[in-house]
Amino acid sequence: MTYRDTAHTNGYEFTQGAGYALPEYPFVEPPELRDGRRAHHPIVIVGAGITGLTLACSLARLGVPAVLVDEDNTVGVKGASSRGICYTQKSLEIFDRLGIYERIAAKGIRWSVGRTFAGEDEVYRFDLRDQGGFGLSAQPPFINIQQFYIEGFLVERILELGQVDIRWKNRLVAFEQDDRVATLTLETPAGRYTMQADHVIDATGSASPLRKWLQVPFDSKRGDDRWCIADVRFGTRPPLERHTWIEAPFNENRAVWQHLMADDVWRIDYQMAPDSDPAYVSREDVVRERLERQFGRGVDVDIVWVGPYAYRSECVHAMRQQRVFFMGDSAKIVSPFGARGGNTGVADADNLAWKLAAVLRGQAGPALLESYQDERLEAARENVRVTNRTARFLRPADGVERRFREAAIALAKRHAFARPLINTGRMAVANAYHQSRVCDDSPGSGESTQNVALRWLDGRVGRLNDLLGWAGTDLLLLVFGPLASTERRRVRALAASAPLRAVQVLDRRAAPQAMEAVRDPAGHLRQTTAAPAGGWALVRPDGYVAATGPAVDTDLVRSVARALALEEQTA
Ligand SMILES: Cc1cc2nc3c(=O)[nH]c(=O)nc-3n(C[C@H](O)[C@H](O)[C@H](O)COP(=O)(O)OP(=O)(O)OC[C@H]3O[C@@H](n4cnc5c(N)ncnc54)[C@H](O)[C@@H]3O)c2cc1C
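Residues numbered from 1 in each chain as written. Predicted model: local features only at pLDDT ≥ 70, side-chain atom pairs only at ≥ 80, totals over all residues.

**Q** Explain the sheet that holds strand E19 (residues 332-333) to me, please; I cannot follow it from the model alone.
**A** In a beta sheet, neighbouring strands are held together by backbone hydrogen bonds and run either parallel or antiparallel to one another. The eight strands lie next to each other as E6-E5-E13-E14-E15-E12-E16-E19, forming an open sheet whose pairing is mixed. This sheet does not close on itself; its edge strands, each paired only once, are strand E6 (121-127) and E19. Two elements, strand E5 (residues 113-118) and strand E13 (residues 242-248), share five bridges in a ladder whose sense is parallel. Of the residues in E13, the one forming a bridge with Arg115 is His243. The strands that helix H9 (residues 284-295) touches are strand E12 (218-234), strand E15 (266-272) and strand E16 (301-316); relative to E16, the one it contacts most, it runs at about 95°. (Pairing = 2+ DSSP bridges. Helix = DSSP H or I, 4+ residues; strand = E, 2+ residues; numbered from the N terminus. Contact = placed C-beta atoms within 7 Å. Axes fitted to C-alpha atoms, helices over the stretch in contact; angles between N-to-C directions.)

**Q** How should I be thinking about the nonpolar core in this particular structure?
**A** In globular proteins that are soluble, nonpolar side chains generally tend to be buried together. Val44, Ala56, Leu59 and Leu478 are the most contacted members of the largest nonpolar core, which has 160 residues in total. Viewed by domain, this core spans two of them, domain 1 (3-392) and domain 2 (453-570), each represented by three or more residues. Ignoring anything within four residues of it in the chain, the contact list for Ala56 reads Ile45, Ala66, Leu68, Ile158 and Val164. (Core = buried A, V, L, I, M, F, W, Y, C linked by C-beta atoms within 7 Å. Buried ≥ 20, exposed ≤ 12 C-beta atoms within 10 Å, placed from the backbone. Domains from an automatic or database assignment.)

**Q** What is the right way to read unusual backbone geometry from this model?
**A** Residues apart from glycine generally show negative phi values, whereas peptide bonds are mostly found in trans. Within the chain, Gln215 stands out as a residue other than glycine whose phi angle is a positive 50°. Considering the arrangement of structural elements, one finds Gln215 in the loop between helix H7 (209-213) and E12. C-beta crowding within 10 Å serves as the criterion here: with 7 such atoms nearby, Gln215 is assigned to the exposed category. Even without being glycine, Gln322 reaches a positive phi, approximately 50°. The class of Gln322 is exposed, set by 12 C-beta atoms lying within 10 Å.

**Q** When you look at the domain arrangement of the protein in this model, what are you seeing that I'm missing?
**A** What the domain assignment lists for the protein is domain 1 (3-392) and domain 2 (453-570). For domain 1 and domain 2, the distance between their C-alpha centres works out to 34 Å. Taken together, the contacts link 18 residues of domain 1 with 18 residues of domain 2. The element contributing the most residues to the side of domain 1 that touches domain 2 is helix H10 (residues 341-360), with five residues. Classifying every residue of the side of domain 1 that touches domain 2 gives nine nonpolar, four polar and five charged. (Nonpolar A, V, L, I, M, F, W, Y, C, P; charged D, E, K, R; others polar.)

**Q** How should I be thinking about the sheet that holds strand E7 (residues 142-144) in this particular structure?
**A** Across the sheet, which stays open at both edges, the three strands sit in the order E3-E7-E4 with antiparallel pairing between neighbours. Of all strands in the sheet, those with a lone pairing partner are strand E3 (86-88) and strand E4 (109-110), marking the two edges. Where E3 meets E7, three bridges bridge the pair, whose relative direction is antiparallel. From the neighbouring strand, Thr88 faces E7, where its bridge partner is Phe142.

**Q** Teacher, can you tell me more about the site of the ligand here?
**A** If you check the shell around the ligand, you find 33 residues, and the closest are Gly49, Gly205, Gly328, Gly341 and Gly342. Tallying contributions element by element places H10 first for the shell around the ligand, with four residues. Residue composition of the shell around the ligand, by class: 12 nonpolar, 15 polar and six charged. (Near = placed C-beta within 6 Å.)

**Q** It is not clear to me how helix H12 (residues 400-414) should be interpreted in this structure. Could you clarify?
**A** Between its first and last C-alpha atoms H12 spans 22 Å; for 15 residues at 1.5 Å apiece the expected length is 21 Å, and the two agree. Lining the buried residues of H12 we find E5, E6, E13 and helix H11 (367-394). (Expected span 1.5 Å × (residues − 1).)

**Q** Just to check I follow, could you spell out the packing of helix H4 (residues 89-98) against H10 for this structure?
**A** The interhelical angle for the contact between H4 and H10, taken along N-to-C directions, is 45°, at an axis separation of 9 Å. Here H4 is positioned oblique relative to H10, judged by the angle of their axes. At the point where H4 passes H10, the crossing takes the left-handed sense. Touching Lys90, Ser91 and Ile94 of H4 are Asn343, Val346, Ala347 and Asp350, all from H10. (Parallel < 35°, antiparallel > 145°, perpendicular 65-115°, else oblique. Left-handed = near helix turned anticlockwise from the far one by under 90°.)

**Q** What am I meant to see in the pairing of E12 here?
**A** Regular strands place side chains that alternate from one sheet face to the opposite one. In the sheet, E12 pairs with E16 via 14 bridges, with the strands oriented antiparallel. Following the sheet pairing, Arg233 is matched in E16 by Asp302. Summarising the sheet, E12 and E15 pair through seven bridges and their orientation is antiparallel. Considered in E15, the bridge of Ala230 is made with Ile268.

**Q** Just to check I follow, could you spell out the confidence of the model for the protein for this structure?
**A** Low pLDDT marks regions whose predicted coordinates should not be analysed in detail. Taken residue by residue, the protein gives an average pLDDT of 91. The fraction at 70 or more is 94%. Across residues 6-14 the pLDDT falls below 50, and counting only partners more than four positions away or on other chains, this stretch makes 33 contacts in the model. (pLDDT = per-residue confidence, 0-100.)

**Q** For this particular structure, what's the right way to read the pairing of E6?
**A** The sheet contact formed by E5 and E6 spans six bridges and is antiparallel. Residue pairing for E6: Val113 is matched across the bridge by Asp127. Taking the residues between adjacent antiparallel strands as the criterion, E5 and E6 are bridged by two residues, where Gly119 takes a positive phi near 60°.

**Q** Mind showing me how you'd approach H10 here?
**A** An α-helical segment advances 3.6 residues per turn. Residues three or four places apart therefore align on the same side. With 20 residues, H10 should cover 28 Å at 1.5 Å per step; its first-to-last C-alpha distance of 29 Å lies within 8% of that length. For H10, a buried count of 18 out of 20 residues is recorded, marking the element as mostly surrounded by other parts of the structure. Of the residues one or two after H10, Gly362 is the one with positive phi, at around 75°.

Take a look at the structure:
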């Protein structure tokens, strides 16, 4: 048996261990089958993985109805374990807006220190708390939690919010689209039916059937790097840090990853020989021997789950084809190093949700939907580029790549300056948008904000996410400092004519001027939006800065039109 046969996608194969008990959701006969009518829906999302569920939950929060179908009736991968484990600050901020952050924080594990070893030597160390501005957000740099818990919380939240009809055990088996409509055929335990949709979101993951049927062009790369995960529980906990070994003496000098997740389960991920047999490397006695080599003879350990995997990287050439938007693993697949897979699926969903809502409500021009492709394709390409570089460091080709790695490790053992060359994964960050038709070249435009603290006028602490939640699908205009009466009139006129909520941001003492106001005593709002002193920042519902400017003038009106793709309509 070869890895290519058993684990050739970025998925898992269940091999050993008790696995996890995953929730099962009921199949309900769809109304189309029950009443025999042909339904037309504005939005159908195919695939209830972390990406499709985030989109569904975001739409539900914005009050937009949608249908979400999945061929399965559970979260995670049935009979197996969690794929994703690390969730970034940006994802956690999105989950905070969706109302599930508290559940994630209560279940997950916070971490910030990462250490990399080559043999016995530490060759790289980071503390994410030291990186600029991480501490400004209410959310920590990372939380480790099994992916299926997040998916389960999203399902709960969607059910709480209403709006989205989740249909389990509905498999998409055929699809066609034209200028007028998309038609989906679904297979269910009660039979086959069709439904029509204006917009279809392909969130079916790395084996997307839609991508095949629509013959979507994509780039693909597959190497011979092989891994085997052991999810385990220890009698005695190792330190609560992310440890990686670029060369682990206890794993034939190959790489090893060690992370804690929820339920006191540790993920130990071992790099294997390129020609290894996946059935052999995941046999329980072989896994135990590997664990003993690392943690000592007789180590007190329960095996929760074992799975061999390989990975490939892929990226579509376009994120949209007519009525279909590709997101998450259906748009791009990356190696797991750096936690860029699920986290960027969440960001794809957050990016499209408010745009769909704004366009469907007639608040924005249809070209706003094209900016999904501008922004998220740029992000996908960047994430593929960064993770491919890590993959090449971990499994270098013979020749220059291998010599570079050997030189980097040798230098890093002795000199601090060489340590950043050690690449065991560049952890995911919020991607910036430089090529978006709805951003401009003002400072901060296309950059993500953080969920920084502010003060309400009564002195209580609030957060930027509170303001974004209040604005809903509207843009949030933050105007900093006192305003002349003409400026006040302009802001009021703009808010009355565009989908925009305006808030005056004051220092510690200044009096509010007959409009919504908050205080920014530490300057965090201005810092995170990059707004000039006494100027303004236009923040989108996904927390990205659309534009900033020094004065309430025509440029602000232009920026609002551009951010909502209304320019082309009015030109
Ligand atoms: C070992 C490993 C570790 C990883 N670690 C991390 C990490 O730490 N952090 C991180 O962010 N990411 C990580 N990832 C990546 C992450 O798991 C994926 O990027 C993520 O699962 C993609 O989510 P998705 O919703 O796009 O696709 P999926 O999770 O694959 O979901 C697709 C859904 O579509 C459904 N579906 C498929 N076909 C049909 C059909 N025809 N009809 C109806 N439904 C259908 C499936 O049932 C499934 O529910 C890791 C991956 C691996 C393999």
